[in-house]
Amino acid sequence: MPGYELFGAEERKEVNDVLETGIMMRYGFDGPRKGIWKAKELEQAICDKLNVSHTQLASSGTAALTTAMAALGLGAGDEIIMPTFTFVASFESVFSVGATPVLVDVDDTLTLDPKAVEAAITPRTKAVMPVHMCGAMADLDALQAICKKHNLFLLEDACQSFGASYKGKALGTIGDAGTFSFDFVKTITCAEGGAIVTNNKDIYTKCDGYTDHGHDHLGVDRGADLHPFIGYNYRISELHAAVGLAQVRKLDTFLEIQRKTKKIFKDALAAVPGVTFRRLPDEAGDSATFLSFFLPETAQAAKAAAAMKAAGLAAFHYYDNNWHYIRQWQHFKEGAVLTPFAAGLKQAMEVYKTKEFPASDAIIGRNISTPINLGWSDAEIQERAAKLVQAVKSAL
Ligand SMILES: *Cc1c(COP(=O)(O)O)cnc(C)c1O
């Protein structure tokens, strides 16, 4: 990770196919496009790769999440259970459909603690949204059982985990719907882009229309399409899809490099007393984009992250960052949206101004995640592993 590191002739070739016809729109222009349909081709490639029946591309992962929520019929008055640790896009999407985000604690899987989910269910709960953070999976068996028992949708935010799996099934394909991001720093990139995957034809059809002004795509041309519901423009362009097509073909290579490199770092760090690792409900399915580990105390993690950065290593101590953990989400706690909230939603957000999450603090405070890059030489990997061990030891 990230896919942009291995960008080359393959991406340029796919983009040039589009530039040669000049048709950069994914729909219509059937004659002039001369049989070039990069978005459709990428959708099929994702279906084949992940073994899922339907893929709908979108302009971003955020747009994909919003679209998935709309397709599941989530909106005003509905509560969506999500983790305190995620990227801000997850709750932005909940707000964008007018639903209420209900944040609950994470456990050592770095995402939803099933017990916390069960405790947060109310008569208004409609969906549970685990976020498969840093390339690996939530405890999906437990979450799926809760969703079945309470008749809730399971929506997987797999934006950070394209190519990861759980018990042989691709992440994103296990719930009612799953989403991916192909932004510039994700596992594979389109520059900007995203996707919704589902095995449910009705959900897919709604996603297909919602991302394109509600077009049913059944007319002889765009002018003849009907609009069974209101949609928006969350389309991907042919240029972006072309980049993604070259990237998805490289996915297996990316995963192989990441898994091999991560094992070297993990083995080196495992020898340091006091270090423990993120719990992976299915280690074989880890896409290995990050190595996530814990130190005994939050202060030690902060110190180790600083030492890693000083040694030239990338280190995320998410506890102190503005993007991924509730502690610093002031705008979320204030409900600071530009458009008026429904009165009930504003009230529902009040609780976060004072609510504490000690269980999440104890996990995220002690966690450090370090990204696994694709372009490192073997010598560089060994050197980095040694620096990692030294930096962590210096904080203990
Ligand atoms: C990146 C990301 C998104 C949003 O994707 P964009 O393509 O950047 O809009 C959503 N959720 C998570 C967990 C992400 O990491």
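Residues numbered from 1 in each chain as written. Predicted model: local features only at pLDDT ≥ 70, side-chain atom pairs only at ≥ 80, totals over all residues. Heavy atoms only, no water.

Threshold: UniProt positions are given in the numbering used here, feature names are shortened, and annotations may be inferred rather than shown by experiment.
The name given to the chain in an unreviewed UniProt entry is dTDP-4-amino-4,6-dideoxygalactose transaminase, with the source organism recorded as Chitinophaga arvensicola. Under the UniProt heading Sequence similarities (unreviewed entry), the note attached to the chain is "Belongs to the DegT/DnrJ/EryC1 family."

1. Some points on the packing of helix α3 (residues 61-71) against helix α7 (residues 201-210)
The cut-off we apply is this: Axis lines are fitted through C-alpha atoms, for helices just across the contact stretch, and the angle between N-to-C directions can take any value from 0 to 180 degrees. Working definition: helices are DSSP H or I runs of at least four residues, strands are E runs of at least two. Numbering for both runs from the N terminus. These descriptions rest on fixed angle ranges, namely under 35 degrees for roughly parallel, over 145 for roughly antiparallel, 65 to 115 for roughly perpendicular, and the rest for oblique. Whether a crossing is left-handed or right-handed is set by the direction in which the near helix is turned from the far one by less than a right angle, anticlockwise for left-handed and clockwise for right-handed. The contact criterion used is simple: two residues touch if any of their non-hydrogen atoms lie within 4.5 Å. Ten residues, namely Ala, Val, Leu, Ile, Met, Phe, Trp, Tyr, Cys and Pro, are considered nonpolar, four, namely Asp, Glu, Lys and Arg, are considered charged, and the remaining ones, Gly among them, are considered polar.
Running from N to C, α3 and α7 point in directions that differ by 125 degrees, and their axes come no closer than 9 Å. On the basis of the axis angle, α3 is oblique to α7. Two packed elements cross with a definite hand, and for α3 against α7 that hand is right-handed. The residues of α7 that touch α3, namely those facing Thr66, Thr67, Ala68, Ala70 and Ala71, are Ile203, Lys206, Cys207 and Tyr210. Of the residues contributing to the contact of α3 with α7, the split by class is six nonpolar, two polar and one charged.

2. Section: the sheet that holds strand β1 (residues 54-58)
Quick note on the threshold: Strand pairing follows a simple DSSP-based rule, namely that at least 2 bridges must link the two strands.
Strand order in the open sheet formed by seven strands is β1-β9-β8-β5-β4-β2-β3, with mixed pairing between adjacent strands. The sheet is open, and its two borders are formed by β1 and β3 (100-104), each paired with just one other strand. With direction set aside, neighbouring strand axes in the sheet form an average angle of 25 degrees. Two elements, strand β4 (residues 125-128) and strand β5 (residues 153-157), share two bridges in a ladder whose sense is parallel. In the sheet register, Ala127 faces β5, and the bridge partner there is Phe153.

3. Some thoughts on the site of the ligand
Threshold: Note on definitions. A residue lies near a molecule or strand when any single heavy atom of the residue is within 4 Å of it. By the criterion applied in these results, polar contacts are pairs of N or O atoms within 3.5 Å in which, for protein atoms, one can donate a hydrogen and the other can accept it, and in which residues neighboring in sequence qualify only through two side-chain atoms. Using a 1.4 Å probe, accessible areas were evaluated by the Shrake-Rupley method; residue-level cover was limited to the displayed protein chains.
Close to the ligand lie 16 residues; Gly61, Thr62, Ser181, Asp183 and Lys186 are nearest. Between an oxygen atom of the ligand and a main-chain N or O atom of Gly61, the distance comes to 2.7 Å. At a separation of 3.2 Å, an oxygen atom of the ligand approaches a polar side-chain atom of Lys186. For the ligand, the accessible surface in isolation is 380 Å², of which the surrounding protein chains cover 94%. Here the element with the most residues in the shell around the ligand is α3; it accounts for three residues. Along the lines of polarity and charge, the residues of the shell around the ligand split into five nonpolar, eight polar and three charged.

4. Here we look at the pairing of β1
Regular strands place their side chains on alternate faces of the sheet. Stated formally: Note on classification: 1.4 Å probe, protein chains only; a residue is buried when its accessible area is under 20% of the maximum for its type, exposed when over 50%, partly exposed between these limits.
Burial of β1 is extensive: five of the five residues sit out of reach of the surface. The alternating pattern of β1 places His54, Gln56 and Ala58 on one face and Thr55 and Leu57 on the opposite face, and all of these are buried.

5. A few points about the side chain of Asp78
Relative to the helices and strands, Asp78 resides in the loop between α3 and β2 (79-83). Look at Asp78 and you get buried, because its relative accessible area is 8%. For Asp78, the side chain forms a polar contact with the side chain of Lys126, separated by 2.9 Å. Setting aside its immediate chain neighbours within four residues, Asp78 contacts Gly73, Ala99, Thr100, Arg124 and Lys126.

6. A few points about the domain arrangement of the chain
Just so we agree on the cut-off: The start and end points of each domain follow an automatic or database-based domain assignment. Two parts placed together each lose some accessible area under a 1.4 Å probe, and adding up what both lose gives the buried area. By salt bridge we mean one thing: a side-chain nitrogen of Lys or Arg within 4 Å of a carboxyl oxygen of Asp or Glu.
Under the domain assignment used here, the chain contains domain 1 (3-251) and domain 2 (253-395). Its C-alpha centre places domain 1 at a distance of 23 Å from the equivalent point of domain 2. Taken together, the contacts link 43 residues of domain 1 with 42 residues of domain 2. Summed over both partners, the interface of domain 1 with domain 2 comes to about 3600 Å²; 65% of that surface belongs to carbon and sulfur atoms. Taken together, domain 1 and domain 2 are joined by two salt bridges. For Arg279, the salt bridge is made with Asp107, and the minimal N-O distance between the two is 3.3 Å. Run the count over domain 1 and domain 2 and you get 25 residue pairs in polar contact (both at pLDDT 80 or more). Among the secondary structure elements, those contributing two or more residues to the side of domain 1 that touches domain 2 are α4 (89-96), β3 and β6 (165-166). Of the residues forming the side of domain 1 that touches domain 2, the biggest block, five residues, is contributed by β3. Across the side of domain 1 that touches domain 2, the residue classes tally to 23 nonpolar, 13 polar and seven charged.

7. Re helix α14 (residues 378-395)
Since there are 3.6 residues in each turn of an α-helix, residues three or four apart along the chain are aligned in direction. So the rule is basically this: Here the expected span of a helix is defined as 1.5 Å times the quantity of residues minus one. By definition, the arc is the one covered by directions from the helix axis to the C-beta atoms.
Helix length check: α14 (18 residues) gives 26 Å between terminal C-alpha atoms against 26 Å at 1.5 Å per residue, within 8%. Among all positions in α14, only Ile381, Arg384, Ala385, Leu388, Val389, Ala391, Val392 and Ala395 are buried. Projection of α14 onto a plane perpendicular to its axis shows the buried side chains occupying an angular sector of 165 degrees, all on one side. Turned more than 90 degrees off the buried face of α14, the exposed positions are Ala379, Gln390 and Lys393. Here the buried face of α14 lies against α9 (251-270), β11 (290-294) and α10 (298-310).

8. Here we look at the environment of Ser59
Here Ser59 shows up in the loop between β1 and α3. In sequence terms Ser59 and Arg235 are 176 residues apart; their C-alpha atoms lie 5.1 Å from each other.

9. Quick word on the pattern of salt bridges
Under the definition given, this model contains 27 salt bridges. For Lys262, the salt bridge goes to Asp286, with nearest N and O atoms at 2.6 Å. You can see Lys262 sitting in helix α9 and its partner Asp286 sitting in the loop between β10 (276-277) and β11, a full 24 residues away along the chain. Judged by its relative accessible area of 10%, Lys262 is buried. Using a relative accessible area of 4% as the deciding quantity, one classes Asp286 as buried. In this structure, a network of salt bridges that share partners links the residues Lys13, Glu14, Asp17, Lys38, Glu41 and Arg249.

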